[in-house]
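Tertiary structure, described
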Amino acid sequence: MSDAVHLSLADDIALITIDNPPVNVASRAVRAGLMMALDRAEAAGVARVVLTGAGKTFVAGADAKEFSAPPRPPHLPDIANRIESFPVPVVAAINGAALGGGLELALACAARVAAPRATLGLPEVTLGVVPGAGGTQRLPRLVGLEQALSLIPEGRVIGAAEALRIGLVDAMTDDPVAAARILALPDRPATGARPAPACDPVAIEAARKQAARRSPQQIAPQRAIDLIEAAVRLSLAEGLALERQNFLDLKTGDQAAALRYVFFAERAAMGQGKAQGADVRSAVVVGGGTMGAGIAYALAGIGVTVTLVETDAAAVERARANIARLFDDAVKRGKASAERAASDMERLFTFRAGYDDLPPVDIAIEAVFEDLSIKRQVFAALDAALPETAILATNTSYLDPDRITEGLRNPTRFLGLHFFSPAHVMKLVEVIRARDTGPETLVTALRLAARLRKIPVLAGVCDGFIGNRILTRYRQCCDVMLIEGALPAQIDAAMRGFGLAMGPYEVQDLSGLDIAYANRKRLGWKTMPGFRYIPIADRIVEETGRLGRKTGAGWYDHTGGKAVSSALIDGIVVEESARAGIVRRRFTDAEIVARATAAMVEEGFRILGERIAERAADIDLVMIHGYGFPRWRGGPMHWAGRVGLSEILRRIEGYAAEDPLSWSVPDLLARAAAEGKTPEEL
Ligand code: NAI
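If you're wondering where the values come from, they're calculated on a predicted model, not measured in any experiment.

**A look at the domain arrangement of the protein chain**
The domain boundaries assigned to the protein chain delineate domain 1 (5-252), domain 2 (282-459) and domain 3 (467-681). Between domain 1 and domain 2, the C-alpha centre-to-centre distance is 44 Å.

Structure below.
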């Protein structure tokens, strides 16, 4: 018997236990072990087989590591078929997560018993594929078309109670193995032998629309719907064959490759926080505005006590109100009871104006105005008020952390923690290693990020770190296209067409034009030698006072919740082209996308070349989780690798030849292209 699968025979029952820590993925060893165990159980002439998982999971799915290679037998669909046609009933005792291939095995069983903590789902579409071992054919036969449509196309995972309600499991109990041994089996055909569910064209059409809205341009959710629809008209055998063919076809495609890559990159990033390190239990957060309130609320969410420091009594009250609003939102969304929210706010928060009598906390996180001298005063005060063991972190977006630390007693405990807005929602945090940041400081911060269930990405010191630096370059490239002939709405639409959540001008209207304006001023773009300065955005701020949605107008007019192109803005754009002596030309959407993505990749290669980022994957995680880059394209660096680095190089060389002030080829890109490497290999 294989180590990954155990068989025990007693009382006419074969108990098969899948034991492949940590999460019992259906690796080849598990598959081979299962086939062998089933053969032995049959030979032993048992009356029933109970199938379960060791530890806290049933089976968490297929082994995504095996996805990049051709599948090796025995295949999961064959095991599912063997279970379904087994001479005696096989009952699944679902002790924990039954996901993907795990649920497909359970679906082939004669009955299913789940522990209350079990989770069930077919999340394959999140990896760019469809279920490949009968999920799309057996699930609709078991729970009906509508439930299958609500689960598979978005990869939704449900709890045992809901699974019981929709008939996905037959019973819920604390000891599913004991229950599975004695469960009275209803007299019914195997799931696969049941009649196909009734066709429901309305439900199918609704599911298609929803998938197109939720996962635009993604193939797998639509294919999953095709397959569920096919279950209505095809025999099980035909349906399974069609499903397998779709699974194998999607598995080798660009989208699945990108989604798999991102999945592993996330796991690696989150794994960094698993290292040993001190646990943060108490914190000071300085500044209770947009970011400070969100950070403080996130910390309280993992039980960290927070002392929130503001400047004066009025600012304290504003901060208190900001945090109370976050608790209220959670209550409204049903995430917490009103009593729980009130007691957490009372128990975990203290508010202070100034630094007198601060408790000796483990970490202080600063989120005050983006102003170097204010930040330096804050850190001087924290340095004096807190014990020397406390970690000091800044949430600055652009300022140089090494200048903020000047004069600190012990700069090794200083670092940047760059959260994204809203800080309690966004999963990304850039962990900035400043000049003197010590290793324990980094370890503690990574551990805190892991507890906050964030994706931490290490970054070195430069203007804008990873994400805002790429954003700045990308926006500058778009502004050049404006002055040469494109209009904001066209650029936004083209970038949305590529898959970005929003276009660059829509994003600016959301976050406020004043932020980027202040940044351009700080960098001195207007007078910077050797730089192609485009005055359009500055003119909008200085002459029109349109700062985005918060003032009702920015790049667009915002009326009644809609963004409408503005003749005034388009007029400024055209005027600036004339002033610069540029004859405006037509840009196709494809050209806009090619240039804007090349600008991101160009900056990404610089960041990698300077070792601001350690890996291309880190850049991709930042752009996906912080800036709305489409996950299914894998991030700009992965995407560049799929396009081919020599092609990207050729594009940038072409742009640089016509506009050397805006474009230049990063050394690392030229080298990687010459050596035929992908970004991931650098
Ligand atoms: P904000 O203006 O909403 O809040 C700043 C808060 O700091 C205000 O409540 C203010 O009263 C308080 N404050 C100012 N000086 C203080 C002092 N000396 N002591 C104590 N409190 C003081 O600003 P926001 O947006 O929260 O930004 C804060 C920091 O976070 C900035 O460095 C910003 O660059 C950074 N950041 C902002 C992001 C955003 O999307 N808003 C995203 C990531 C970082």
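**Focus on the site of the ligand**
The ligand sits among 25 residues. The nearest are Gly287, Gly289, Met291, Ser397 and Ser421. Residue assignment for the shell around the ligand shows that the elements contributing at least two residues are α12 (290-301), β12 (305-310), α13 (313-332), α15 (372-385) and β16 (414-419). With three residues, α12 is the largest single contributor of residues to the shell around the ligand. Taken together, the residues of the shell around the ligand break down into 12 nonpolar, 11 polar and two charged.

**Quick word on the sheet that holds strand β14 (residues 363-366)**
The sheet built from eight strands is open, its strands ordered β13-β12-β11-β14-β15-β16-β17-β18 with mixed pairing. Each edge of the open sheet carries a strand with a single partner, namely β13 (349-353) and β18 (455-459). Put simply, the sheet's adjacent strands are angled 25° from each other on average, direction ignored. In the sheet, β14 pairs with strand β15 (residues 391-394) via four bridges, with the strands oriented parallel. Directly across from isoleucine 363, in β15, lies its bridge partner isoleucine 391. Running at roughly 155° to β13, α13 makes contact with β12 and β13 of the sheet.

**Remarks on the sheet that holds strand β1 (residues 5-10)**
Across the sheet, which stays open at both edges, the six strands sit in the order β1-β2-β3-β5-β7-β10 with mixed pairing between neighbours. Each edge of the sheet is formed by a strand with only one pairing partner; in this case those strands are β1 and β10 (171-172). Contacts from helix α1 (residues 28-44) reach β1, β2 (13-18) and β3 (48-53) within the one sheet, and its direction differs from that of β1 by about 15°.

**What to know about the UniProt feature "domain: 3-hydroxyacyl-CoA dehydrogenase NAD binding" (unreviewed entry) in the protein chain**
Here, the residues flagged by UniProt with the feature "domain: 3-hydroxyacyl-CoA dehydrogenase NAD binding" (unreviewed entry) are residues 284-459. Span residues 284-459 is 42% helix and 22% strand, its end C-alpha atoms 23 Å apart.

**With respect to the packing of helix α2 (residues 76-84) against helix α3 (residues 101-108)**
Running from N to C, α2 and α3 cross one another at 25°; their axes reach a closest spacing of 8 Å. Considering their axes alone, α2 and α3 lie roughly parallel with respect to each other. In the packing of α2 onto α3, the handedness of the crossing is right-handed. Taking contact as the criterion, the partners of Leu76, Ile79, Ala80, Ile83 and Glu84 in α2 are, on α3, Gly101, Glu104, Leu105 and Ala108.

**Side note on the pairing of β3**
Counting buried positions along β3 yields six of six residues, so the element is predominantly enclosed. What you see with β3 is no split at all: Arg48, Val50 and Thr52 on one side and Val49, Leu51 and Gly53 on the other are buried throughout. Summarising the sheet, β2 and β3 pair through six bridges and their orientation is parallel. The residue of β3 that forms the bridge with isoleucine 13 is arginine 48. On the question of chirality, the crossover connecting β2 to the parallel β3 by way of α1 is right-handed. Across four bridges, the pairing between β3 and strand β5 (residues 90-94) is parallel.

What counts, and where the lines are drawn
- Residues numbered from 1 in each chain as written.
- Predicted model: local features only at pLDDT ≥ 70, side-chain atom pairs only at ≥ 80, totals over all residues.
- Domains from an automatic or database assignment.
- Near = placed C-beta within 6 Å.
- Helix = DSSP H or I, 4+ residues; strand = E, 2+ residues; numbered from the N terminus.
- Nonpolar A, V, L, I, M, F, W, Y, C, P; charged D, E, K, R; others polar.
- Pairing = 2+ DSSP bridges.
- Axes fitted to C-alpha atoms, helices over the stretch in contact; angles between N-to-C directions.
- Contact = placed C-beta atoms within 7 Å.
- UniProt positions renumbered as here; feature names shortened; annotations may be inferred.
- Parallel < 35°, antiparallel > 145°, perpendicular 65-115°, else oblique.
- Left-handed = near helix turned anticlockwise from the far one by under 90°.
- Buried ≥ 20, exposed ≤ 12 C-beta atoms within 10 Å, placed from the backbone.
- Right-handed = clockwise from strand over helix to strand, strands pointing away.

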